Amino acid sequence: MTLYPAIGFTLKIVQIGEFAKRAGVGVQTVRFYERRKLLPEPTRTESGYRQYGPQELNRVGFIGQAKALGFSLDEIREIIRSRGRGECPCTDVIAMADRHLADVSEQINKLERFKQELTRAVRTWKRAGKQTLSAGAICTLIERAMEVKTNSKRGR
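Bear in mind the structure is a predicted one, so any value in this text is a computation, not a measurement.

Novice: Before we go on, may I ask you to explain the packing of helix H1 (residues 16-23) against helix H2 (residues 27-35) in this structure?
Specialist: A packed helix pair is summarised by two numbers, namely the angle formed by the two axes and the spacing between the axes. Where H1 contacts H2, the axes come no closer than 8 Å and their chain directions differ by 95 degrees. One element, H1, and the other, H2, form an angle in the roughly perpendicular class. Contacts between H1 and H2 involve Ile16, Gly17, Phe19 and Ala20 from the former and Val27, Val30 and Arg31 from the latter.

Novice: When you look at the side chain of glutamate 34 in this model, what are you seeing that I'm missing?
Specialist: With respect to the helices, strands and loops of the structure, glutamate 34 is situated in helix H2. By relative accessible area, which is 8% here, glutamate 34 ends up buried. Filtering out sequence-adjacent residues up to four positions away, glutamate 34 remains in contact with Leu39, Pro40, Pro42, Arg50 and Tyr52.

Novice: Help me understand the pattern of salt bridges, please; the structure alone is not making it clear to me.
Specialist: Here the structure, examined in full by the defined rule, presents eight salt bridges. Note that aspartate 74 and arginine 77 form a salt bridge whose closest N and O atoms lie 2.3 Å from each other. Placement of the pair is aspartate 74 and arginine 77 together in helix H4 (residues 73-84), with a separation of three residues, close to one helical turn. For aspartate 74, a relative accessible area of 44% puts it in the partly exposed group. Residue class for arginine 77 comes out buried when judged on its relative accessible area of 13%. As a salt-bridge pair, arginine 85 and glutamate 78 come within 3.3 Å of each other at their nearest N and O atoms.

Analysis parameters
- Residues numbered from 1 in each chain as written.
- Predicted model: local features only at pLDDT ≥ 70, side-chain atom pairs only at ≥ 80, totals over all residues.
- Heavy atoms only, no water.
- Axes fitted to C-alpha atoms, helices over the stretch in contact; angles between N-to-C directions.
- Helix = DSSP H or I, 4+ residues; strand = E, 2+ residues; numbered from the N terminus.
- Parallel < 35°, antiparallel > 145°, perpendicular 65-115°, else oblique.
- Contact = heavy atoms within 4.5 Å.
- Buried < 20%, exposed > 50% of the residue type's maximum accessible area, 1.4 Å probe, protein only.
- Salt bridge = Lys/Arg side-chain N within 4 Å of Asp/Glu carboxyl O.

As structure tokens, then:
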């Protein structure tokens, strides 16, 4: 038995169901991580059951934290491989995180522009009052917004 301090319980070698439960993931997630080479091939009992210990539990926790920080499974696998070769992957992790930060900033800028456009449209729609449908219209509010957008692009 080994004390697993990060989550405060003692972990002995366990089979996949108990391991998945303690790791807070599903059994299929554990198998998926194995297929994607994020977890090493587990040791097996004589009858073929997978067995896991505290190192694998720590690895699943690492994967979860890395995913929460926006790293892809491919990036996580490369970080794990780098460490497995005895290298310190921290420089690569910082570079990856910088790229993710730039992507997030770009997404935030796009969302801010979207918010402004939607705010303008809603404000205009509220001032327009009750709408009536023309023969070929689906929703005149949206169609008028399309016209305004098309006309503003032509005016550029």
